[in-house]
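Below, each chain spelled out in residue letters.
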Amino acid sequence: MIVQNLFFGMLATVMGLAAIRVVTAQNVVHAALYLVVVLGGVAGIFILLAAEFAAVTQVLVYIGAVVVLFLFGLMLTRAPIGKTANLDNDQKVLAAVVAVMLLGVLLWSQFDAFGRAILEPQRVGTTGMVGDSIFVQYLIPFEIISVLLLAALVGAIVLARKE
Amino acid sequence: MILNQFLALAAVLFCIGVYGVLARRNAVLVLMSIELILNAVNINLVAFGAFHDTVAGQVFALFVIAVAAAEVGVGLAIVLLIYRNRQSVDVSELDMMKG
């Protein structure tokens, strides 16, 4: 119990700081690498919630594939590697105000709704149940996701190839 | 652990992502901020799934991960196309549809 809270505190601190660096770093490659830290932290949070299959998928798909795509995107758009001063636009202050107000509303409503509701994952080793659930209860959404991925694949090729 | 610590972490990530979408100039960095937002939603889904003792939250988180992967693929293809046409990925210059 104490250990879980300790790990949660460590993960949350690292993730929060890294997420702030993702949106403030003046070096695009550093932003992508801080994004890796945040995504790994999310995988750790999934482990804390006893969702090990989601954690492994997070590492495989996000850190393995999405971040590589981002790095390729940065290279192909010839974003300047190194410090650049103009990665933020002139709405920075307004954006920060909006984000802080949104955070206040979200935190207030969450604490109002759930207070100190205890969350103790009842089961560990839920991968089998997740598989059963996907292939029985959520079979049709699962098949639709496969069609969506095919459409995204074809669409990305059509968009990105040279005429 | 209490439910609210996960919800609060997700809210913080979500708001940082919103700030990034609003304040960033480079389209690839905007897409990265969108990933932050999607991850905040995933934390919420898995936390509520554990709270209600069901695996549906995890299943939906997996669906969100798949949709996010598709979104990044198509989004980066669009960004590449914009770069090829305009030699820039600055989203504040993309005002062709403004009347």
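Residues numbered from 1 in each chain as written. Chains lettered and ligands numbered in written order. Predicted model: local features only at pLDDT ≥ 70, side-chain atom pairs only at ≥ 80, totals over all residues.

Caption draft 1: Looking closely at the overall build of chain A. A tally of regular secondary structure across chain A gives six helices and zero strands. Starting at the N terminus and walking to the C terminus, you meet the elements of chain A as α-α-α-α-α-α. Against the 2.2 N^0.38 benchmark of 15 Å for 163 residues, chain A shows a C-alpha radius of gyration of 20 Å, more extended than a compact globule. Of all intrachain contacts in chain A linking residues separated by at least 6 positions in sequence, the fraction that spans at least 24 positions is 58%. (Helix = DSSP H or I, 4+ residues; strand = E, 2+ residues; numbered from the N terminus. Rg over C-alpha atoms; globule rule 2.2 N^0.38 Å. Contact = placed C-beta atoms within 7 Å.)

Caption draft 2: Region of the structure containing helix H4 (residues 92-114) of chain A. Look at H4(A): 32 Å from first C-alpha to last across 23 residues, which is about the 33 Å you get at 1.5 Å a residue. Two residues or fewer after H4(A) comes Gly115(A), characterised by a positive phi angle close to 50°. (Expected span 1.5 Å × (residues − 1).)

Caption draft 3: Representation of the interface of chain A and chain B within the structure. Taken residue by residue, the interface counts 75 residues in chain A and 60 residues in chain B. Among the residues making up the side of chain A that touches chain B, the classes are represented as 56 nonpolar, 15 polar and four charged. (Nonpolar A, V, L, I, M, F, W, Y, C, P; charged D, E, K, R; others polar.)

Caption draft 4: Examining the confidence of the model for chain B more closely. All names here are of chain B. Predicted confidence across chain B gives a mean pLDDT of 91, with 99% of residues reaching 70 or more. Mean pLDDT in chain B bottoms out at helix H3 (residues 56-86), which sits at 92, and peaks at helix H1 (residues 3-23), which reaches 95. Listed scores for the predicted complex are pTM 0.92 and ipTM 0.92. (pLDDT = per-residue confidence, 0-100.)

Caption draft 5: Highlighting the environment of Thr126(A). Mapped onto the elements, Thr126(A) comes out in the loop between H4 and helix H5 (127-136). According to the C-beta neighbour criterion, Thr126(A) is buried, with 23 such atoms within 10 Å. In this structure, Thr126(A) is in contact with Ala50(A), Ala51(A), Val55(B) and Gln58(B), ignoring residues within four places of it in sequence. (Buried ≥ 20, exposed ≤ 12 C-beta atoms within 10 Å, placed from the backbone.)

Caption draft 6: Local environment of the environment of Leu76(B). Looking at the secondary structure, you find Leu76(B) in helix H3. Counting along the chain gives 45 residues from Leu76(B) to Leu31(B), while the straight-line C-alpha distance between them is 8.2 Å.

Caption draft 7: Layout of the packing of helix H3 (residues 52-76) of chain A against helix H2 (residues 27-51) of chain B. At a minimum axis separation of 11 Å, H3(A) and H2(B) run at an interaxial angle of 170°. Classified by the angle their axes make, H3(A) and H2(B) are roughly antiparallel. Here Ala54(A), Val66(A), Phe70(A), Gly73(A) and Leu74(A) of H3(A) come into contact with H2(B), specifically with Val28(B), Met32(B), Glu35(B) and Val46(B). (Axes fitted to C-alpha atoms, helices over the stretch in contact; angles between N-to-C directions. Parallel < 35°, antiparallel > 145°, perpendicular 65-115°, else oblique.)

Caption draft 8: The domain arrangement of chain A, seen in detail. For chain A, the assigned domains read domain 1 (1-86), domain 2 (88-117) and domain 3 (126-163). For domain 1 of chain A versus domain 3 of chain A, the distance between C-alpha centres works out to 23 Å. (Domains from an automatic or database assignment.)

Caption draft 9: Spotlight on the nonpolar core. Counting 74 residues, the largest nonpolar core has Val22(A), Val38(A), Leu13(B), Val28(B) and Val46(B) as the members making the most contacts within it. Of all the secondary structure elements, the ones that give two or more residues to this core are helix H1 (2-24), helix H2 (28-48), H3 and helix H6 (139-160) of chain A together with H1, H2 and H3 of chain B. Sequence-distant contacts of Val46(B), defined by excluding residues within four places in its chain, comprise Phe46(A), Leu49(A), Ala51(A), Ala54(A), Gly57(B), Gln58(B) and Ala61(B). (Core = buried A, V, L, I, M, F, W, Y, C linked by C-beta atoms within 7 Å.)

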